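Summary of the model geometry
The residues making up each chain are set out below.
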Amino acid sequence: AENKSKMTQRGCPGPGPGYGSGLPNSRYRSPESLLDCAAKAVAEKWAFERVEERFERIPEPVQRRIVYWSFPRNEKEICMYSSFQLGTPGAVGTGDGLPFRRGIRLLETGCVENVLQVGFHLSGTVTEPATSSEPEVTHKVAISFDRCKITSVTCGCGNRDIFYCAHVVALSLYRIRKPEQVKLRLPISETLFQMNRDQLQKLVQYLITAHHTEVLPTAQKLADEILSSNSEINQVHGAPDPTAGASIDDDNCWHLDEDQVREQVKQFLSQGGYYGSGKQLNSMFAKVREMLRMRDSNGARMLTLITEQFMADPRLSLWRQQGTGMTDKCRQLWDELGALWVCVVLNPHCKSEEKSGWLKQLKKWGDLDICPLEDGNYDSLSRPRRTVFSRAVEACDLHWQDSHLQRIISSDHYMSPSYQREGESLLFNPQGLPLWLDHVPTACARVDALRSHGYSREALRLAVAIINTLRLQQQRQMDIYKHQKKELLQRGVTSTTNLEGWVGHPLDPIGCLFITLTETCRSETVIHSFPRSDPRPPIYHHVPVWGSPDGGESYLTLALEVALMGMGQQRIMPEGLYAQDKVCRNEEQIVAKLQELELDDFLVQTLRKQAVQLLDAGPFSGLGEVIHRESVPMHTFAKYLFSALLPHDADLAYKVALRAMRLPVLESSAASGDVGHSHHGISIVPSRYPRWFTLGHLESQQCELASTMLTAAKGDMLRLRTVLEAIQKNIHSSSLIFKLAQDAFKIATPADSPPDMTLLNVALELGLQVMRMTLSTLNWRRREMVRWLVTCATEVGLRALVSILQSWYTLFTPTEATSIVAATVMSHNTILRLSLDYPQREELASCARTLALQCAMKDPQNCALSALTLCEKDHIAFETAYQIVIDAASTGMTYSQLFTIARYMEHRGYPLRSFKLASLAMTHLNLAYNQDTHPAINDVLWACALSHSLGKNELAAIIPLVVKSVHCATVLSDILRRCTMTAPGLAGIPGRRNSGKLMSTDKAPLRQLLDATISAYINTTHSRLTHISPRHYGEFIEFLSKARVTFLLAQDGHIQFDQFIDNLKQIYKGKKKLMMLVRERFG
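Conventions and cut-offs
Residues numbered from 1 in each chain as written. Predicted model: local features only at pLDDT ≥ 70, side-chain atom pairs only at ≥ 80, totals over all residues. Heavy atoms only, no water. Helix = DSSP H or I, 4+ residues; strand = E, 2+ residues; numbered from the N terminus. Buried < 20%, exposed > 50% of the residue type's maximum accessible area, 1.4 Å probe, protein only. Contact = heavy atoms within 4.5 Å. Areas by Shrake-Rupley, 256 points an atom, 1.4 Å probe, with all protein chains shown as cover. Salt bridge = Lys/Arg side-chain N within 4 Å of Asp/Glu carboxyl O. Axes fitted to C-alpha atoms, helices over the stretch in contact; angles between N-to-C directions. Parallel < 35°, antiparallel > 145°, perpendicular 65-115°, else oblique. Left-handed = near helix turned anticlockwise from the far one by under 90°. Nonpolar A, V, L, I, M, F, W, Y, C, P; charged D, E, K, R; others polar. Disulfide = S-S within 2.5 Å. Polar contact = N/O pair within 3.5 Å; in protein donor to acceptor, adjacent residues only side chain to side chain. Patch = residues over 30% accessible without salt bridge, like charges linked within 9 Å, V, L, I, M, F, W, Y side chains within 5 Å. Expected span 1.5 Å × (residues − 1). Phe/Tyr/Trp six-rings, centres within 6.5 Å; stacked < 30°, edge-to-face > 60°. Lys NZ or Arg CZ within 6 Å of the ring centre and 35° of its normal. Core = buried A, V, L, I, M, F, W, Y, C linked by side-chain atoms within 4.5 Å. Pairing = 2+ DSSP bridges.

The chain appears in an unreviewed UniProt entry as ZSWIM4-8 C-terminal domain-containing protein from Gouania willdenowi.

The helix and strand inventory of the chain stands at 46 helices and seven strands. Across the 1083 residues that make up the chain, the buried fraction comes to 49%. Long-range contacts, defined as pairs at least 24 residues apart, comprise 70% of the intrachain contacts of the chain with a sequence gap of at least 6. Accessible surface for the chain amounts to roughly 53,400 Å². Of this, 53% is attributable to carbon and sulfur atoms.

Turning to the pattern of salt bridges, a few remarks are in order. Within the structure shown, the criterion is met by 54 salt bridges. When the shortest N-O distance is used, the salt bridge between Arg 177 and Glu 75 registers 2.6 Å. Of the two residues, Arg 177 is situated in helix α7 (residues 166-177) and Glu 75 in helix α5 (residues 75-80); the sequence distance between them amounts to 102 residues. A salt bridge links Asp 448 to Arg 451, with the shortest nitrogen-to-oxygen separation between them at 3.4 Å. In this pair, Asp 448 and Arg 451 are both assigned in helix α19 (residues 440-452), three residues apart and thus about one turn of the helix distant. The residues Asp 448 and Arg 451 share a single accessibility class, namely buried.

So, on to the packing of helix α26 (residues 650-660) against helix α28 (residues 717-730). Two elements in contact, α26 and α28, have axes separated by 11 Å at closest approach and are oriented at 15°. Considering their axes alone, α26 and α28 lie roughly parallel with respect to each other. In terms of crossing hand, the pair formed by α26 and α28 is left-handed. In this structure, α26 uses Ala 650, Asp 651, Tyr 654 and Leu 658 to contact α28, whose residues at the interface are Arg 719, Thr 722, Val 723 and Ala 726. Here the contact of α26 with α28 is composed, by residue class, of five nonpolar, one polar and two charged.

A few words now on the state of the cysteines. Considering all chains together, one arrives at zero disulfides under this definition. Residue Cys 396 stays outside any disulfide, its sulfur separated by 8.3 Å from that of Cys 350, the closest cysteine. By relative accessible area, Cys 396 is classed as buried at 9%.

Turning to the side chain of Thr 758, a few remarks are in order. As for its placement among the helices and strands, Thr 758 is situated in helix α30 (residues 757-774). From its side chain, Thr 758 meets the backbone nitrogen of Gly 715 in a polar contact 3.3 Å long. Sequence-distant contacts of Thr 758, defined by excluding residues within four places in its chain, comprise Gly 715, Asp 716, Met 717 and Leu 720.

Turning our eyes to something else, we now look at a nonpolar patch on the surface. A contiguous nonpolar surface patch, about 240 Å² in accessible area, is contributed by Leu 222, Ile 226 and Ile 233. Structurally, the position occupied by Ile 226 is in helix α10 (residues 212-227).

Look at helix α12 (residues 277-293): 24 Å from first C-alpha to last across 17 residues, which is about the 24 Å you get at 1.5 Å a residue. Along α12, 13 of the 17 residues are buried, which leaves the element largely enclosed by surrounding structure.

One pass over the full model with this rule turns up 20 aromatic pairs. Between Trp 808 and Tyr 809, the ring centres sit 6.0 Å apart and the planes meet at 80°, which makes this aromatic pair edge-to-face. For Tyr 809, a relative accessible area of 52% corresponds to the exposed category. A connected cluster of aromatic rings, assembled from ring pairs, spans Phe 285, Phe 310, Trp 334, Trp 341, Trp 365 and Phe 389. Against the face of Trp 780 rests Arg 781, its NZ or CZ located 5.9 Å from the ring centre.

Now for the nonpolar core. Counting residues in hydrophobic clusters, the biggest one holds 297 residues, and the most contacted among them are Ile 306, Phe 310, Trp 334, Phe 389, Leu 517, Leu 710 and Phe 812. Counting residues in each nonpolar core, the second largest holds ten residues, with Met 573, Cys 584, Val 632 and Leu 663 among its members.

Our next topic: helix α25 (residues 635-645). In terms of residue burial, α25 counts as a mostly covered element, since nine of its eleven residues are buried. Of the residues making up α25, those classed as buried are His 635, Thr 636, Phe 637, Ala 638, Tyr 640, Leu 641, Phe 642, Ala 644 and Leu 645. Contact partners of the buried residues in α25: α22 (555-568), α23 (577-595), α24 (601-616), α26 and α27 (695-712).

Once that is clear, we can look at the sheet that holds strand β5 (residues 183-185). A sheet is described by the order of its strands in space; here five strands give the open sequence β4-β3-β2-β1-β5, paired in mixed fashion. Here the strands that pair on one side only, and so sit at the sheet edges, are β4 (149-155) and β5. The mean inter-strand angle of the sheet, taken between neighbouring strand axes irrespective of direction, is 20°. In this structure, strand β3 (residues 137-146) lies alongside β4, joined through six bridges in antiparallel fashion. Paired with Phe 145 across the strands is Ile 150, a residue of β4. With respect to the sheet, helix α4 (residues 60-69) is in contact with β1 (112-118), β3 and β5, its orientation differing from that of β5 by roughly 120°. Contacts from helix α6 (residues 99-108) reach β1 and β2 (121-128), with the element oriented near 85° to β2.

In this structure, Cys 148 takes a positive phi of about 65° despite not being glycine. Note on placement: Cys 148 falls in the loop between β3 and β4.

This next bit is on the pairing of β3. Bridge count for β2 against β3 is eight bridges, and the pairing is antiparallel. What sits directly across from Thr 127, in β3, is Thr 138. As consecutive antiparallel partners, β3 and β4 are separated by two residues, and within that stretch Arg 147 has a phi angle of approximately 50°, a positive value.

Looking at the secondary structure, you find Glu 795 in helix α31 (residues 782-796). Taking the C-alpha atoms as reference points, Glu 795 and Arg 833, 38 residues apart in sequence, are found 8.4 Å from one another. The contacts of Glu 795, once residues within four sequence positions are left out, are Phe 745, Thr 749, Met 757, Leu 760 and Arg 833.

A few words on the packing of helix α2 (residues 34-45) against α4. Helix-helix packing is described using two parameters, namely the angle between the two axes and the distance between the axes. Where α2 contacts α4, the axes come no closer than 8 Å and their chain directions differ by 55°. By the angle class used here, α2 and α4 are oblique. The way α2 lies across α4 gives a crossing that is right-handed. Contacts between α2 and α4 involve Leu 35, Asp 36, Ala 39, Lys 40, Val 42 and Ala 43 on the former and, on the latter, Pro 61, Val 62, Arg 65, Ile 66 and Trp 69.

In terms of burial, β2 is largely enclosed, as six of its eight residues are buried. Note that β1 and β2 share five bridges and pair antiparallel. Following the sheet pairing, Gln 117 is matched in β2 by Leu 122.

On the secondary structure map, Ser 621 appears in the loop between α24 and α25. Taking relative accessible area as the criterion, Ser 621 reaches 1% and is therefore assigned buried. Only 2.7 Å separates the side chain of Ser 621 from the backbone oxygen of Leu 614, close enough to count as a polar contact. Those residues in contact with Ser 621 that sit more than four places away from it in its chain are Gly 568, Gln 570, Leu 614 and Ile 627.

What follows is the structure, given as structure tokens:
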């Protein structure tokens, strides 16, 4: 009866014939015989050797039924060893290429033949049909089994994989689905026992004849040993039988190719996360969880093999030596490894010797220097060293013997008697429901272990007890806060916070409770015994919780409630990059799970209730009125709450989101101005140590929350104003405020409808804030920001443009104000866009001119030209701008700026003003003898040409300036040549007479220029000869030729040049080769 009971509990549902009972599928099944009931129980639990030892003689029909029922009966078990788990994240090869699927196809297309079961050994042939590239091939398959587990497999295909090949699958499923078509024989030793001597001899001889090439050497060797009285074979009673099943001492476990597990893990690790190896390893972890759930001892065995390869990864020592961190993907794999070990050691039914063995192994791995640490690469000096295995080592100390715990997990009806419900209790809440007071992550690890080992009902009961405990704690925390509220609000800060957060915790307590509770609420229309290749998003329905006080509670509402509790927990930001990154990642994972829930009235009620409690829970909640400065921000969580609550309770939604906008860690260092950002975009908080490495991500989440609120508040001025104030108060990064401004602008100006002015004004206000924040700090996007602001102000209208022009000095630099802002405002496109009438255009132009003059006064060097351009159409403003330039010319302006303005003046038709500015520019210039490619040469030539065109007087005025400023002989000779080619005064200034005569170089003012040019040639010659090299001799001779042309312009020029050459020969007679060249050219 006991065995019958156990067998019934384990009952295997079966869709096909022979799946459960092995009997033909018929509408009416007769009850199983007592023989079959007993044989099934014995076949599953006892080794056949024990049966033989227990009974002297076992009747053949009984043996047959035990042998019959000893083959696995559940297709799920075959599937587990021939495919990845359904829904494995990133499972590779969950399609038709899987061995399980291919095996089913081979079976259904009649490819399995010659199936024979001899005792505990199954054999057959499986034919792979021919393909376009491969011929038909038949494989011999052999399977050994014991106590409903396959213990070894052999196939002619030579498959090397952790999974069984498709041929083994096909043969196994044939035996499960068509047991009545399988020839069944007792173990071969039983058959031999029934033969006489002649029959045995005949059998042996026929066997040798049939396989003489393979068997004959072995047969002769055995015959020799048997005939030798002293041989080892004669010392042992009996003989081995491969078909007789396992012995009592053999481990009863499924066949797992350990070498292949090692090899594949090693291969995946060597690929370093590339080529999908990370997904493959995750699939192997999922396979371990699947084995644990089926209570298969290979789960722990496979995990041990995987861990050994992880610990042997050569990159571990390399990372340690170089002090570099492992990649995020690799880090997450190690985390999963550690979490799996916690599950394994918390198996509620593992033997103490097993746990001792695991503990010893875990400690051994953890003691190695290369063992990765729990917090990534961050090794805190304030805490003892903790590795990825530390949690599992600690879990080895936990047990399941507590009577209260046993009662919780074993019954839905466990409650305290009603008469005991008055006063405080550590075991039950006021409603009499059981509590489990334990460290929350540890308690949740127990839930995960129960669920992972296939005890889902027990896991659910413990999860409910934990949630009832959390509820009671939340209520007590709110009571405590009520007494402290006044004092805490006066201080405005609290030291109360959880040092260990549940979100981002290595044991993932919230995720564990959520999955455990929602699993029981999943609706699946079709339950498959093998993986689907197209996992669909889950659909949930409410399953009532037994004993809930209001009767309307379901496991789904509990799942939502505990997720909200965990996400809303106020907790200190952990130390180290990896731990902080894990907090963000875990938050996003939980939110993604929450978003899968379709919110109905029950869930909305839970959402509203928990949101209100989180707002009122003070320092115990991350959404409370007072939080710790280094508390983990709630932006991601609040964004989910806002979107979920908005359709049902908009006021509550905004209250939550506005409360969550704060980022107190920045408050002390960003009271004014813009928070500094390093080149990689992570905010630097100098007063904080250790750093918040994820601050850049947290600020972007804060920005996302604000953007979500702005979008929702479109058209509602009051809400928009509140959101705007929250942004201005809490966001300290100019680039993020600029992004918000752009987002608001984009939403406010849809392409197919009129703009929303409420949101457009918010965008403008945010843009103005960005301008003020970045005015005195460097920002590479500043030019883009300024252009965008003008575009935004243009969309708002004339008054906005007038306002930014009038208050330019608080928003822009003088250069930006003139060259970008005023220039864009005054452009033809802006006038057309705004459809301005004449008075409006004049108002705008007047503001632009006033701005231009103010900027020119403040920064004449960079703004003078823009100011002149903007003031062209107003005589008084233009004259004022010109005077500003003249006043600034002698002190603050460079020759290039003055030349540019001078050319502009000439272009505008003011040649005399142009001449004046060019003359002022010449006073700032100094061209050395060797600067014959100086960028200012063109300006000098232009200035001289302008003076020459104006007349003799202007030329006479500029030549002394040229002589003083320019010492480059070639430039001076070029000016001289141009001045002698045409008569001066060709510009035709009204009221002046032009003689039309060419100017002589013997008279002023050209005489002065000629003398200066000759002098420059002489000085340059001496300078060049000081450091001349032979490769420059030819160039030097050409230079002297140019000099002679200039010398000859003077009356006695040829005499001067000859004296000059003679002088060179005398001074530089040591340069014989050069002087020889000089003589050849000039005599």
